[in-house]
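# Observations on the model geometry
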Amino acid sequence: MNMMEERKKEHVDIVKGYNTKHSYNYWDDFMLVHNALPEINMNEIDTRVKFLGKKLEMPFIIAGMTGGFKEAKKINEELARIAERYGVGMGVGSQRAALEDKKYEETYAIIKKYRVPLKIANVGAPQLLEWRDAIEKVENAIDMISADAIAIHLNFLQEVIQPEGERIAKGCLKKIKEVAESISKPVIVKETGAGISYKVAEKLIDSGIAAIDVGGAGGTSFSAVEAYRARKRNDKLQEELGKIFWDWGIPTPYSILEIAELCKDAGISIIATGGIRHGIDVAKAIALGADIASAASIFLENGMEKMEIMARSLKAAMFLTGSKNVDELREVEIWTF
Ligand SMILES: Cc1cc2nc3c(=O)[nH]c(=O)nc-3n(C[C@H](O)[C@H](O)[C@H](O)COP(=O)(O)O)c2cc1C
């Protein structure tokens, strides 16, 4: 196994086997106001949405996680099966491995066997800076999975803790703009657990992108994940750094609140990822101003069952707030403490 394969496998194994969650889940700071007189019938509730031009059965995406090592093919296949069954979107993990070595392509391309209504390709911002042929690589990533959109992930927290991390960020915004202007598919800028601030969103809205995935704090902590990897390598200092930055980042719901109005005015969609556990969190995300919600780590085990719970709890939350459809959910009252 080469280093990248090993790293990809370790990420999945660590998230499945250890506690990698932020110490606090910020969705608990908010409460949807109960409607004791909903005046709707539960069987009339319509959870369907259109997102980036695609029709989804509910406002949900399985966030990109993996690819690039043998077992990843099975994981992506299972996630695609779930996405097809529930009519939700799905992302793959960073496609760097396959863009640099074709033998890994099938670990991502497997999802093409399934009718996933919105497929999202994935590349890292640090790689865009490294690759001389970045636009060509982005196009290859899209073709590899017949993607409907591509996410450019920002993961500088992870890079700073990762023992072998790439800490180059100069020129990122310019590259994102270049990609968004050169390709025909929608571009999503996606944080991976540390959130998007108002100032960053302000910079991004003029870059030609279609959506921002706030990828905020409260769920999987990549600082935690890399702390475990550092420990395995006996790198005590990076392990300590990972512990110090374990809870770093802008919490997902607060990140949405920060940028919602700005993005709405600019016509840019918001994806809420980070700590989403069930349909109540999805409903809260939408009531706070996100267009759609997304979760990653919870689907690594018993994914099909988790999605059923997601669907049922979203519908229940919509019923109990008197929301016949997702547009009405956007208007429900939400309290914070
Ligand atoms: C094992 C694992 C691998 C991940 N790899 C990627 C990746 O390659 N690219 C990416 O954009 N995000 C990646 N993510 C981040 C997720 O898409 C998501 O933003 C993050 O896990 C927060 O969501 P959660 O709290 O529901 O897990 C990964 C997450 C996990 C758990």
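Description of the structure in this document. (Residues numbered from 1 in each chain as written. Predicted model: local features only at pLDDT ≥ 70, side-chain atom pairs only at ≥ 80, totals over all residues.)

## Remarks on helix H12 (residues 252–266)
When the terminal C-alpha atoms of H12 are compared, their 20 Å separation across 15 residues agrees well with the 21 Å that a helix rising 1.5 Å per residue should span. Isoleucine 259 marks where H12 bends most, by close to 45 degrees. Of the residues making up H12, those classed as buried are Thr252, Pro253, Tyr254, Ser255, Ile256, Glu258, Ile259 and Cys263. Against the buried residues of H12 lie strand E1 (30–32), helix H9 (198–204), strand E9 (211–213), strand E10 (269–273) and helix H13 (279–288). (Helix = DSSP H or I, 4+ residues; strand = E, 2+ residues; numbered from the N terminus. Expected span 1.5 Å × (residues − 1). Bend = angle between axes of the 7 residues up to and from the residue. Buried ≥ 20, exposed ≤ 12 C-beta atoms within 10 Å, placed from the backbone. Contact = placed C-beta atoms within 7 Å.)

## Section: unusual backbone geometry
Residues other than glycine seldom take positive phi values, yet glutamate 39 does so here, at roughly 55 degrees. You will see that asparagine 234, though not glycine, has its phi angle at about 60 degrees, which is positive. Here asparagine 234 lies in the loop between helix H10 (222–232) and helix H11 (236–244). By the C-beta count within 10 Å, which is 9 here, asparagine 234 ends up exposed.

## Details of the site of the ligand
Close to the ligand lie 26 residues, the nearest being Ala63, Gly93, His153, Gly219 and Ser297. Elements with a contribution of two residues or more to the shell around the ligand: helix H1 (3–17) and strand E7 (149–154). Counting residues per element, the shell around the ligand draws most heavily on H1, at three residues. Here the shell around the ligand is built from residues that sort into nine nonpolar, 16 polar and one charged. (Near = placed C-beta within 6 Å. Nonpolar A, V, L, I, M, F, W, Y, C, P; charged D, E, K, R; others polar.)

## Thoughts on helix H14 (residues 303–320)
The terminal C-alpha atoms of H14 lie 25 Å apart, and with 18 residues this matches the ideal 26 Å at 1.5 Å per residue to within 8%. When we look at burial in H14, the residues that qualify are Met307, Met310, Ala311, Leu314, Ala317 and Met318. Buried positions in H14, seen along its axis, are confined to an arc of 135 degrees and lie on one side of it. What points out from H14, more than 90 degrees from its buried face, is the exposed set Glu305 and Arg312. Against E1, strand E4 (60–62), helix H2 (70–86), H13 and helix H15 (326–330) lie the buried residues of H14. Following H14 by one or two positions, glycine 322 adopts a phi angle in the positive range, close to 70 degrees. (Arc of directions from axis to C-beta.)

## Quick look at the packing of H1 against H10
The relative placement of two packed helices is expressed as an angle between their axes plus a distance between the axes. Contact geometry of H1 with H10 gives a least axis separation of 10 Å together with a crossing angle of 110 degrees. Considered as vectors, H1 and H10 are oriented roughly perpendicular to each other. Here H1 contributes Glu10, His11, Ile14 and Val15 to the contact with H10, which in turn contributes Val225, Tyr228 and Arg229. Of the residues belonging to the contact of H1 with H10, the class tally is four nonpolar, one polar and two charged. (Axes fitted to C-alpha atoms, helices over the stretch in contact; angles between N-to-C directions. Parallel < 35°, antiparallel > 145°, perpendicular 65-115°, else oblique.)

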